[in-house]
Amino acid sequence: MKPAHVLVLGAGIVGTQAAKVAAGLGAQVTVMDINLNRLRELDDFMPKNVVTQYSNEYNIREAIKTADLIVGAVLIPGAKAPHLITRDMLKTMRPGTVVVDVAVDQGGCIETCRPTTHENPTFIIDDVVHYCVANMPGAVPYTSTLALTNATLPYAVKLANQGWQAACRQDAALRLGLNVVHGEVVYKGVADAWGLPLVDVADVLEPATV
Ligand SMILES: NC(=O)c1ccc[n+]([C@@H]2O[C@H](COP(=O)([O-])OP(=O)(O)OC[C@H]3O[C@@H](n4cnc5c(N)ncnc54)[C@H](O)[C@@H]3O)[C@@H](O)[C@H]2O)c1
């Protein structure tokens, strides 16, 4: 029997882990991204049953015809995810194909996806099974909370100890996370998505007093 064909859209954190698991189970995996450097990195460390391809409409249309499982894992920071698979494309997929739109929390990269929960995780459109749980780590709440807080607690401590303005002035990573300050949008992706003016964060953070 031929191995299952798994298509992963987006080669970031989510896409790489999805590809690793699928490859470990013996599937033939295709990973697509628009970041060629990231695809080269994957080519270096992924096993031979993972191939990489540039993400464009033609390649996606071809790959979904044979995919058994499609994982949507794209992210454009601060912006809505692009619809890489549109409703009309579902008809070209084989009945029973499963789509898992992990990017659903950013609007989803599959047009027909809408957020679902662990209680009722799937729905079917045009014989394609959709799984779009917006909080997938919620399936393992204890482990995922520990993992998340290991990464976020140092920032929370800085905010609590220094106050948000001083902490953001001093820590570039925290500053990069600011979206709106004193009513002004300071994050390009958000400004672009809402058609609002972008203000330099340095112009709106209050200057240090000591
Ligand atoms: N539903 C959930 O429970 C859950 C859990 C974790 C993450 N997420 C979501 O999953 C998504 C991916 O997260 P991540 O941490 O892997 O992000 P990431 O930034 O590590 O990776 C995103 C990748 O998408 C790629 N990309 C952008 N446009 C693309 C396009 N047109 N075609 C193909 N690739 C494209 C980027 O180059 C990048 O490599 C995010 O939307 C995140 O919020 C959801």
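Residues numbered from 1 in each chain as written. Predicted model: local features only at pLDDT ≥ 70, side-chain atom pairs only at ≥ 80, totals over all residues.

Caption draft 1: Region of the structure containing the domain arrangement of the protein. Domain boundaries assigned for the protein yield domain 1 (5-138) and domain 2 (141-202). Just the C-alpha atoms count here: the centres of domain 1 and domain 2 sit 28 Å apart. In this complex, domain 1 contributes 7 residues to the contact, which on the side of domain 2 involves 8 residues. Per-class residue counts for the side of domain 1 that touches domain 2 are 4 nonpolar, 2 polar and 1 charged. (Domains from an automatic or database assignment. Contact = placed C-beta atoms within 7 Å. Nonpolar A, V, L, I, M, F, W, Y, C, P; charged D, E, K, R; others polar.)

Caption draft 2: Layout of the sheet that holds strand 2 (residues 28-33). With mixed pairing, 7 strands are arranged side by side in an open sheet as 3-2-1-4-5-7-6. Both edges of this open sheet fall to strand 3 (50-54) and strand 6 (122-125), since each of them pairs with a single strand only. Neighbour-to-neighbour, the strand axes of this sheet turn through a mean angle of 20 degrees, independent of strand direction. Sheet contacts for helix 1 (residues 13-24): strand 1 (5-9), strand 2, strand 3 and strand 4 (69-72); angle to strand 2, the most-contacted strand, approximately 170 degrees. Packed on one face of the sheet, helix 3 (residues 57-64) meets strand 1, strand 2, strand 3 and strand 4 and runs near 160 degrees to strand 2. (Pairing = 2+ DSSP bridges. Helix = DSSP H or I, 4+ residues; strand = E, 2+ residues; numbered from the N terminus. Axes fitted to C-alpha atoms, helices over the stretch in contact; angles between N-to-C directions.)

Caption draft 3: The site of the ligand, seen in detail. Surveying the vicinity of the ligand reveals 30 residues, the closest of which are Gly 10, Gly 12, Val 14, Ser 55 and Met 136. Elements with a contribution of two residues or more to the shell around the ligand: helix 1 and strand 2. Among the elements that make up the shell around the ligand, the one with the highest residue count is helix 1 (3 residues). Across the shell around the ligand, the residue classes break down as 20 nonpolar, 7 polar and 3 charged. (Near = placed C-beta within 6 Å.)

Caption draft 4: Geometry of the environment of Ala 193. The residue Ala 193 is located in helix 7 (residues 188-194) in this model. Overall, the presence of 15 C-beta atoms within 10 Å leaves Ala 193 in the partly exposed class. Residues within four places of Ala 193 in sequence aside, it is in contact with Gly 78, Ala 79 and Lys 80. (Buried ≥ 20, exposed ≤ 12 C-beta atoms within 10 Å, placed from the backbone.)

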